Amino acid sequence: MSVTLTLLALRQLRPNARHVLWPRIDQKSCLKAVSAAGLTPVPIENLLDGDELRTDLDALAAKLSEIGADDVLCVLTTTSCFAPRGVDKLLDVARLCAEQGVPHLCNNAYGVQCDRCMKAIASASRHGRLDCFIQSTDKNFLVPVGGAIVATADGRHGPELLAKVRSTYAGRASISPVLDLFCTLLHLGADGWLRLLERRRASFPDFRRKLEAVAAKHGERVLHTPNNGISMSVTLTPPEGSKPAGSLGASLFVRLVSGLRVVTPSAAGKTVGGIPFESYGAHYSGYPCAYFSVACAIGIADGDVDLFLRRLDKALAEWKKPPRQPKAKAGGAEGAAGNGSCAAKDRDLAKDFRPNPSAKEFVPAAQPAACMTAAPPCSAEKAEEKGVAAE
């Protein structure tokens, strides 16, 4: 919503511009933010550099020249994202925007906790054009979802845009996100929050080293993504006849591991916000392998890392195990085995209807209810008494 509000404010400064150039990141919220502002998103496909996905500056410059600077409202870049996508090349994009006179916004979702993201923003603001950057309070300050901070470090273009954002805001939103952030910062203090940032930064290389060991144990590897200081990805190579890659996420979820993201590149298309994508979710149309992503985010502790890796080790071992093949049996033996299997299933099913002595109330046994039981045939005498002609 904050990205949408900022785009609406920017439209007041550039009323004839309708296009937003957007280096591709496969998160629906980005596209929805642009569409909600009544603008046309123009995705720019990333470049595959080794394992990592980076900004295609040549494609961005070509598209900017094709559409025309006057018709481009802004370039919307991204810092923090799921690996194997790296931080956008903010400085190069900022210099291009400064040359062409095009505004530049940055989605810095959870980049406040990452030195690499904040240094990229500072450099782009100082040596190019970066009008403002937007970050979530929940992802950076350990508060509930619902708040965001719109900020600028560009003294030439930022103040005018922020003033427009303030005047565009219609009011009447809840004060809860502000109170949550205020109370949390009072509780932590500057030193407490900085200690959390330092602990996260120090945990990242250790987390990666341990993750590499677990991946190697199962014949996988951690993808090389040097420009992503928060997220890591591990290849997924299913052996022949094994379960699909997506089942690994389900296996970890039942082990109380949430947030892990499994991606299986596919040629199948998907339309999001009216725009067709190939292999949506991978940030790229032809990534060469399936993988899963994990993050080393603020608030993490060493115990969390070790517990996760133990559960991941078990889940990968289970996922890699080939399914059991049924033994073929000839003739009657096979039929007998089949009948025995059905009988066993019936017995197991019947257990659900047997009375439970430990319960306060008994569950009815597996027999038809009284109202559904056929009445016994009546005798001729009783039939005559009831006025029913006996057969």
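In the block above lies the structure referred to throughout.
Since the model is a prediction, treat every value here as computed from it, not as a measurement. (Residues numbered from 1 in each chain as written. Predicted model: local features only at pLDDT ≥ 70, side-chain atom pairs only at ≥ 80, totals over all residues. Heavy atoms only, no water.)

Taken N-terminus to C-terminus, the directions of helix H1 (residues 2-13) and helix H2 (residues 28-36) make an angle of 35 degrees; their axes are 8 Å apart at the nearest point. Classified by chirality, the crossing of H2 by H1 is right-handed. The residues of H2 that touch H1, namely those facing Val 3, Thr 4 and Leu 7, are Ala 33, Val 34 and Ala 36. Its residues assigned to classes, the contact of H1 with H2 shows five nonpolar, one polar and no charged. (Axes fitted to C-alpha atoms, helices over the stretch in contact; angles between N-to-C directions. Helix = DSSP H or I, 4+ residues; strand = E, 2+ residues; numbered from the N terminus. Left-handed = near helix turned anticlockwise from the far one by under 90°. Contact = heavy atoms within 4.5 Å. Nonpolar A, V, L, I, M, F, W, Y, C, P; charged D, E, K, R; others polar.)

Next up on the list: the layout of surface pockets. Each pocket or cavity is described by its volume, and for the largest pocket that value is around 1300 Å³. What lines the largest pocket is a set of 40 residues, among which Met 1, Ser 2, Gly 146, Gly 147 and Ala 148 lie closest to the centre. Contributions of two or more residues to the lining of the largest pocket are made by H1, H2, strand S5 (72-78), strand S7 (132-136), helix H6 (137-141), strand S8 (148-151), helix H7 (158-168) and helix H8 (176-217). Its residues assigned to classes, the lining of the largest pocket shows 23 nonpolar, 13 polar and four charged. One number sums up the size of the second largest pocket: a volume of about 600 Å³. Mapped by element, the contributors of at least two residues to the lining of the second largest pocket are H6, strand S13 (290-295) and helix H10 (302-320). Broken down by element, the lining of the second largest pocket gets its largest block of residues, five residues, from H10. (1 Å grid on protein atoms, 1.4 Å probe; cavity = no way out; pocket = protein on both sides within 12 Å on 5 of 7 lines; lining within 4 Å. Points joined across faces, edges and corners; volume = space filled by probe spheres on them.)

Before going further, it helps to spend a moment on the packing of aromatic side chains. Enumeration over the complete set of coordinates arrives at five aromatic pairs. With a centroid separation of 5.1 Å and 20 degrees between ring planes, the pair formed by Phe 141 and Trp 193 is classed as stacked. One end of the pair, Phe 141, is in helix H6; the other, Trp 193, is in helix H8, and 52 residues separate them in sequence. Each member of the aromatic cluster is reached from another via a ring pair, and the members are Trp 22, Phe 277 and Tyr 280. (Phe/Tyr/Trp six-rings, centres within 6.5 Å; stacked < 30°, edge-to-face > 60°.)

Pairing is mixed in the open sheet, where six strands are placed in the order S2-S1-S5-S6-S7-S8. Each end of this open sheet is capped by a strand with a single partner; those strands are strand S2 (40-44) and S8. For this sheet, the mean inter-axis angle between neighbouring strands, taken without regard to orientation, is 20 degrees. Two elements, S5 and strand S6 (residues 104-107), share four bridges in a ladder whose sense is parallel. Residue pairing across strands places Val 75 opposite His 104, the latter belonging to S6. With respect to the sheet, H1 is in contact with strand S1 (19-23), S5, S6, S7 and S8, its orientation differing from that of S5 by roughly 155 degrees. (Pairing = 2+ DSSP bridges.)

Next up on the list: the side chain of Thr 77. Structurally, Thr 77 is set in strand S5. Since its relative accessible area comes to 0%, Thr 77 is described here as buried. A distance of 2.9 Å separates a polar atom in the side chain of Thr 77 from a polar atom in the side chain of His 104. Contacts of Thr 77, omitting those with residues within four sequence positions, involve Pro 23, Asp 88, Leu 90, Val 93, His 104, Leu 105, Cys 106 and Asn 107. (Buried < 20%, exposed > 50% of the residue type's maximum accessible area, 1.4 Å probe, protein only. Polar contact = N/O pair within 3.5 Å; in protein donor to acceptor, adjacent residues only side chain to side chain.)

In space, the three strands of this open sheet follow the order S9-S13-S10, with antiparallel pairing throughout. Sheet topology places strand S9 (231-236) and strand S10 (261-263) at the edges, where each strand pairs with a single neighbour. Taken over all neighbouring pairs, the strand axes of this sheet differ in orientation by 25 degrees on average, direction set aside. Here S9 pairs with S13 via six bridges, running antiparallel.

Right, let's get into H1. Taking 1.5 Å of rise per residue, twelve residues should cover 16 Å, and H1 covers 17 Å from first to last C-alpha, within 8% of that figure. For H1, every residue scored as buried is listed here: Val 3, Thr 4, Thr 6, Leu 7, Ala 9 and Leu 10. (Expected span 1.5 Å × (residues − 1).)

What follows concerns the side chain of Ser 80. Relative to the helices and strands, Ser 80 is located in the loop between S5 and helix H4 (90-100). A polar contact is formed between the side chain of Ser 80 and the backbone nitrogen of Tyr 110, at a distance of 2.9 Å. A polar side-chain atom of Ser 80 sits 3.5 Å from the main-chain amide nitrogen of Gly 111. If we skip the residues at most four places from it in the chain, Ser 80 touches Ile 25, Asn 107, Asn 108, Ala 109, Tyr 110, Gly 111, Cys 117 and Ile 230.

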